[in-house]
Amino acid sequence: MTKVRGLKCRECGRDYPVEPIHVCEFCFGPLEVVYDYEEIKRNVSREKIENGPHSLWRYVDLLPVENPTVGLTAGFTPLRRAEKLGEVLGLKNLYIKDDSVNHPTLSFKDRVVSVAISKAKEFGFDTAACASTGNLANSVAAHCAQAGLNCFVFIPANLETQKIYGSLVFNPTVVAVEGTYDDVNRLCSEIANDMGWAFVNINIRPFYAEGSKTLAFEVVEQLGWRAPDAVVVPAASGSLYTKIWKGLKEMVRVGLIESVRTRMFGAQAEGCSPIAQAWREGRDFIKPVRPSTIAKSIAIGNPADGIYALQTARESGGDWETATDEEIIAGIKLLAQTEGIFTETAGGTTVAVLRKLVEKGAISPEETVVAYITGNGYKTLEVLDGHLSEPVRIQATLKDFKEKVLAKV
Ligand SMILES: *Cc1c(COP(=O)(O)O)cnc(C)c1O
Ligand SMILES: [Zn+2]
């Protein structure tokens, strides 16, 4: 594999070979994929990408996989001009990157999982697993079905019913753990050491995380090979947020665009906002919290990439903001009613935080802004209980229709 040099510890810089490992043996820092950018620069071009497949694999030259075999339909989601939402928020050049329609399981996780499971196949694993807040479990279960791998997904027991069904339908072993995501993750780290499985967000994490970069690549290509002025990204572990920034910088590095001055804005739910709190208090370390929010897909109390997310905000001139549960619901409804996009709680968080950022002047009206909508509202229907109007119930008569419906509109 010539484009990938190996893995490197983000803390002490020690080098490792391309293997299913994720922490440095010496300092316990996380490992990251290192590329030969000169080699990639010789191979990659706008034309080659534009003529590539209509999936995230059009960027295979910048991903740590040789032969994609799974998730061949993930990515390549719409970037939509959002004029009506922009008008409400006071933005003239607002775009929605709509991963609520990602394939096959309607969240951005199909990107990271198609990379992770393709890599797990390359490594020769016969079983894949994950610790999940919901969407990851759905995606791992679907991709294992495609790949013919055995599958175990671990989730907190109190997840939304729709997300549990969204895993069960693919027939993996679903393990519902009493506790928070952080409890699930701790358990899975122990299991990963024991079992020799491909845990996509544990021992395969360095490869998995790279899939998130495609949310930067696609946006730049869809804007006509131009990086936006500002992006808003919902954060759980902080991986997506940091990898979008990495992706933008790589595009400059390999000559696909000239420069990047994108400010990276992070969005968390107030009830689980360890990164935003550290940012607010000017800390460079994370104090873990116990999640309490309806935004379960982004409820990670001890975020693995938290400190790198803080660095990314500093480096890019960005900021972090939070949204309360009530504001998240309002964000979901606002996006639905202005743009016809039904997102889940993470997307509601993005919209609510974007609103605050504009109000406080962190983003100005003329800027090109991309809001990342990372998941689908049909998977978190129950959060809308009591927040929507009721259907008008009538008998099947013209009289009832006139009296009960027409008289009221
Ligand atoms: C997992 C997830 C995120 C962000 O995850 P990170 O751990 O920060 O990479 C954002 N939105 C949705 C809908 C998710 O499922
Ligand atoms: Zn190290």
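The paragraphs below set out a description of the structure included in this document. Note that this is a predicted model, so its numbers are computed, not measured.

Overview of the layout of surface pockets
In this structure, the largest pocket occupies an estimated 770 Å³ of space. For the lining of the largest pocket, the elements supplying multiple residues, two or more each, are β3 (31–35), α7 (181–195), α8 (205–210), α10 (239–253) and α12 (306–316). Looking at which element gives the most residues to the lining of the largest pocket, the answer is α7, with 5 residues. Looking at the lining of the largest pocket residue by residue, the classes come out as 14 nonpolar, 8 polar and 8 charged. Built from parts of two domains, the lining of the largest pocket gets at least three residues from each of domain 1 (1–35) and domain 2 (79–105 + 209–384). Taken together, 22 residues form the lining of the second largest pocket, with E32, Y37, K246, K249 and R253 sitting closest to its centre.

What about unusual backbone geometry?
Across the chain, the bulk of peptide bonds are trans and the bulk of non-glycine residues have phi less than zero. Of note, the amide linkage connecting H103 to P104 takes the cis form, showing an omega dihedral of 10°. Positive phi values are uncommon outside glycine, yet F76 reaches one of about 60°. On the secondary structure map, F76 appears in the loop between α2 (46–50) and β4 (79–81). A relative accessible area of 34% means that F76 is categorised as partly exposed. Phi at L106 is positive, roughly 65°, even though this residue is not glycine. Relative to the elements of secondary structure, L106 occurs in the loop between β5 (93–98) and α4 (109–123).

Definitions and cut-offs
- Residues numbered from 1 in each chain as written.
- Chains lettered and ligands numbered in written order.
- Predicted model: local features only at pLDDT ≥ 70, side-chain atom pairs only at ≥ 80, totals over all residues.
- Heavy atoms only, no water.
- 1 Å grid on protein atoms, 1.4 Å probe; cavity = no way out; pocket = protein on both sides within 12 Å on 5 of 7 lines; lining within 4 Å.
- Points joined across faces, edges and corners; volume = space filled by probe spheres on them.
- Helix = DSSP H or I, 4+ residues; strand = E, 2+ residues; numbered from the N terminus.
- Nonpolar A, V, L, I, M, F, W, Y, C, P; charged D, E, K, R; others polar.
- Domains from an automatic or database assignment.
- Buried < 20%, exposed > 50% of the residue type's maximum accessible area, 1.4 Å probe, protein only.

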